[in-house]
Amino acid sequence: MPQARVIPLHRPGEATDSELPAGPSTAVAVGDDQIAPQWYRELAGLLEFARRRCSGDYGVDPFGFDPDLTDHVLLPLLRPLYRTWFRVETIGIHHVPADGGALVVANHSGTLPLDAVMTAIAVRDEHPAGRQLRMLGADLVFRTPLLGSLARKSGQTLACAPDAERLLDSGELVGVWPEGFKGLGKRYRDRYKLQRFGRGGFVAAALRTRTTIIPCSIVGAEEIYPMIGDITPLARLLRTPYFPVTPLFPLLGPLGMVPLPSKWYIEFGEPVRTDGYEPGSADDATLVFNLTDQIRETIQQTLHRLLIQRRNPFLG
Amino acid sequence: MLPSTVLVTGASRFIGGQLTVRLAADPDIDRVLAVDTVPPGPELLRRMGRAEFVRADLRNPLIARVISTAKVDTVVHASTSANPPHAGGYRSGRSTIKEMNVIGTMQLLAACQRSTTVARLIVKSTGAVYGASPLDQAIFTEHDEPHAIPASGYMKDAVEVEGYVRGFARRRDDVDVTVLRFANLIGPRLDTVLSRYFSLPVVPTVLGYDGRLQLLHEQDALAVLERATRAGPPGVFNVGGDGVLLVSQAIRRLGRIPVPLPGPAVAAVGWLLHSAALIDYAPEQTRFLNFGRVLDTTRLRTEFGYLPRWTTSQAFDDFARGAALRPTVDPKWIATAERGVLSLAGRFR
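All of these numbers come straight from a predicted model, not from anything done at the bench.

Student: What is the right way to look at the overall build of chain B in this model?
Tutor: Looking only at helices and strands, chain B has 13 helices and 15 strands in total. Taking 20 Å as the expected radius of gyration for a compact globule of 349 residues, we find that chain B reaches 21 Å, a close match to that expectation. Its C-alpha atoms give chain B principal-axis dimensions of about 80 × 40 × 40 Å. Considering chain B as a whole, with its 349 residues, one finds that 55% of them fall into the buried category. When contacts within chain B are restricted to residue pairs at least 6 apart in sequence, long-range pairs at least 24 apart make up 81% of them.

As C-alpha cells, this is what we get:
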C-alpha cells in the first residue's frame, strides 16, 4: 500500500522515504491526505513515532536531551496536570526572549519539583517561540535510576557552572531553582518564604556568559503537598533530603501522592541584563551577592503581590 | 619539522598497525619502526611495506637501545589499551594488561628521557581519564579533572599513564608532547569491548540508566594520529565524533533488543559473559554504559585543525554495516507492520 506511507505528519520533510515511488502516486496520496479523517492522521503519526523509536532514528543532544520523546510522550502526559489540574496561569511570558541564551530563576517549593516541570510546560506552550526550558537539577536526580535518565531526556542537566555556561553560550533558555532542597522541602508554615539563594552561582554563570536573568515567581506549588512533618530516620535510610509527611501522605499510601489541585500562577518578571557589567565581573563576589539579593527580593515581592491578589489557594 | 625516524608502539594491534601502514606509505618519512610483543599478522605485515618490525616488550629496557641505535626522533605510543591482546592467540588477564599499559609506558618514557634524538612524543590516550559519573558536568574539556579515580581498571591505567607523560613533559620540556584523548573507538574492522557488547543478540543494560555515547570512527582516529605524527601541535586534545547516541538508541539502531535488568542481575550477566570469554564486562564498563561520557572537541577543531569526518551516528552505522550484524528485529518488519496497520485502518475510514 504505497499511498499509505506518504501521509505527511509532524515532519513533512522526513516523510519522503527512499522506498517511496515518485510521481503520480504521491500526488494522489497528498490529495488523499486532505480527506483523511483526524483519527487516521493521528494514528499514522503515532505509528511513525513508534517506528522512529524502535529503529533509534532520532536525535539526542550532548546533554542527553531527546526532543522527540519530550514533545511526543512526556509533555502530552504532563499537560493535563498543567491545564486541568493546576489550571496554570502564565503572566509576563513576553519577558522571555524569543531566541538566545537567558536564565530563568525561580522559587522552589512543593516537596516534589513539579514547579520546575510546570514552568517548562509554560515556556513551551505559552511562549510564541515554543522554547524548551533546559532545567538544572540536583545531583540526587541524576544519581537516581530511571529519574536520572528521564531527567536528561527531558532536557535537564546537572546544576554546575560548566553545564550552565555551556547551555547559555549555545543560546539555550536555562531554568534554575537556586533554593534547591531547602526551598523544595520547607514546611507548610514557611510557605512563600524564600530560602537562601545558594551561593549565587547562577548569577556568576549569567555574568560570565553575559546573558539576561529572568526572575520567575511561582504561586500554587506550596499547596500541592503541604509538608507538615519530616521522618528523618526514613529519609536517612532512603538517602533523600527529607521524608515528607503531608495531611494525606503516608496516611493514604499511594493515593496520598496525588497532588492537591491548587490554582497556579507563574509570573515572569522584568529581565535583569548582565551585559552592562565589565568582563570578569563574575569574579567580583560583592557584585554577585548584590545581584543575587536583588533577584531574590524581586521574586519575594512578586510572590507577596500575587498572594494578595489570590483569594483562595484552590480557586484562585 | 617533518619526522624522519618514527617508532610506533602497539604495531600489531589495529590502530598501531594501520598507523604504521600509513606512515610507511609516506615518502617524506625516512624510517618507520614498528614495535610490539607479538608479530603482526601476515596481511598486516605485507601492508606495512618498508616499515621494520621490532619484536620487543615495552616492559623491557631493550626499547631504550632500539631508540638510541635507530636515532628515533618521533615516538608514537599507541599500545595502551583496555582490551586484552588477542593477536598472540591467547587471552591475558587484567594484571597483564595493566602491566603492559603502565609499566610499558614508564619504560618507554624512561628511554625517551635518556635519548638525545627524540624530539616528539605522541600518546594515544583515552577519554576514560574523565571517568563516568552522574556527579560530573555533561561535557568534558581538556582541563577538566576526573571527579573520582576508581581503584582499578583501565580508567586508572589511563590516568596513571597520563600522569607519567606529564612528568616526562616537565623533565624534558624540549620534547613536544601531544596527548590525544580518544572517545570510544568504533568501526567495521575494530574489535573492542564496546563492539562485542553491541554484537550480542540480546543486549543487557542496567534498568533506569541510559548513558550518552560519543564515538570515534577508526579512520578518524588514524587520521588524527597521522596528523599528530607529521606536524601536530603539542598539547592535550579530546578527539571524538560529533553528536551522541544513547545506549538504548544505539542498540535499537542495530535492530537488537535492549533488555534492561536490575543492577545486580547485570553484574551476574557480566560475570557470565566474562567467564564465557565473550566480553570483559567490567564494573567500569557498566558505569560507562550507565552514564556515558561526552568530550568537547573545540580544541581539536581550532588548535589541532582537524574536523572528524564521521559523526557518532555515522561511525556507529558504519560499524553496523561492516560487522554485518544480522538484526534481531529487522527494520523492514517495523516498516511493514506500520504499513500493515495503516492500510488496515484505511479500510475503516
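Student: Can you help me understand the sheet that holds strand E6 (residues 212-219) of chain A in this one?
Tutor: Note on sheets: strands pair through backbone hydrogen bonds, and any given pair is parallel or antiparallel. All names here are of chain A. If you walk across this open sheet you meet the seven strands as E1-E9-E6-E2-E5-E3-E4, and the pairing is mixed. The sheet terminates laterally at strand E1 (89-91) and strand E4 (157-158), the two strands that pair on one side only. Relative to strand E9 (residues 265-268), E6 is paired through four bridges, and the arrangement is antiparallel. Across the sheet, the residue bridging to Ile218 is Ile266, located in E9. The strands that helix H12 (residues 285-309) touches are E1, strand E2 (102-106), E6 and E9; relative to E6, the one it contacts most, it runs at about 30°.

Student: Please clarify how the pairing of strand E1 (residues 5-9) of chain B should be interpreted in this entry.
Tutor: As a general feature of sheets, a regular strand has side chains that alternate between the two faces. All names here are of chain B. Extensive coverage of E1 is indicated by the burial of five of its five residues. Alternating residues of E1 divide into Thr5, Leu7 and Thr9 and Val6 and Val8, and every residue in both groups is buried. Note that the unit made of E1, helix H1 (residues 14-24) and strand E2 (residues 31-36) has a crossover that is right-handed. Sheet topology note: the E1/strand E4 (residues 74-77) ladder contains three bridges and is parallel. Bridging from a neighbouring strand, Val6 pairs with Thr74 of E4.

Student: How do you make sense of the side chain of A:Thr211 when you look at a structure like this?
Tutor: Residues and elements named next belong to chain A. For Thr211, the position within the fold is in the loop between helix H10 (201-209) and E6. Within the local environment of Thr211, its side chain forms a polar contact with the side chain of Thr209, the two groups lying 2.9 Å apart. Thr211 has contacts with Gly101, Ala102, Leu168, Ala206 and Thr274, leaving out every residue within four places of it along the chain.

Student: Just to check I follow, could you spell out the packing of aromatic side chains for this structure?
Tutor: Given two aromatic rings, one states the distance between the centres and the angle between the planes to describe the pair. One pass over the structure, following the stated rule, counts eleven aromatic pairs over all chains. With centroids separated by 5.2 Å and ring planes inclined at 65°, the aromatic side chains of B:Tyr197 and B:Phe198 adopt a geometry described as edge-to-face. Judged by centre distance (5.1 Å) and plane angle (80°), the ring pair of B:Phe198 and B:Phe316 falls under edge-to-face. Of this pair, B:Phe198 sits in helix H6 (residues 193-199) while B:Phe316 is found in helix H12 (residues 312-322), placing the two residues 118 residues apart along the sequence. Of the two residues, B:Phe198 and B:Phe316, both sit in the buried class. Each residue in the set B:Tyr197, B:Phe198, B:Phe316 and B:Phe319 is aromatic and connected to the rest through ring pairs, giving one cluster. One Lys or Arg, A:Arg53, reaches over the ring of A:Tyr58 and ends 3.6 Å from the middle of that ring. The ring centre of A:Tyr188 lies 4.1 Å from the NZ or CZ of A:Arg191, which sits over that ring.

What counts as what
- Residues numbered from 1 in each chain as written.
- Chains lettered and ligands numbered in written order.
- Predicted model: local features only at pLDDT ≥ 70, side-chain atom pairs only at ≥ 80, totals over all residues.
- Heavy atoms only, no water.
- Helix = DSSP H or I, 4+ residues; strand = E, 2+ residues; numbered from the N terminus.
- Rg over C-alpha atoms; globule rule 2.2 N^0.38 Å.
- Buried < 20%, exposed > 50% of the residue type's maximum accessible area, 1.4 Å probe, protein only.
- Contact = heavy atoms within 4.5 Å.
- Pairing = 2+ DSSP bridges.
- Axes fitted to C-alpha atoms, helices over the stretch in contact; angles between N-to-C directions.
- Right-handed = clockwise from strand over helix to strand, strands pointing away.
- Polar contact = N/O pair within 3.5 Å; in protein donor to acceptor, adjacent residues only side chain to side chain.
- Phe/Tyr/Trp six-rings, centres within 6.5 Å; stacked < 30°, edge-to-face > 60°.
- Lys NZ or Arg CZ within 6 Å of the ring centre and 35° of its normal.

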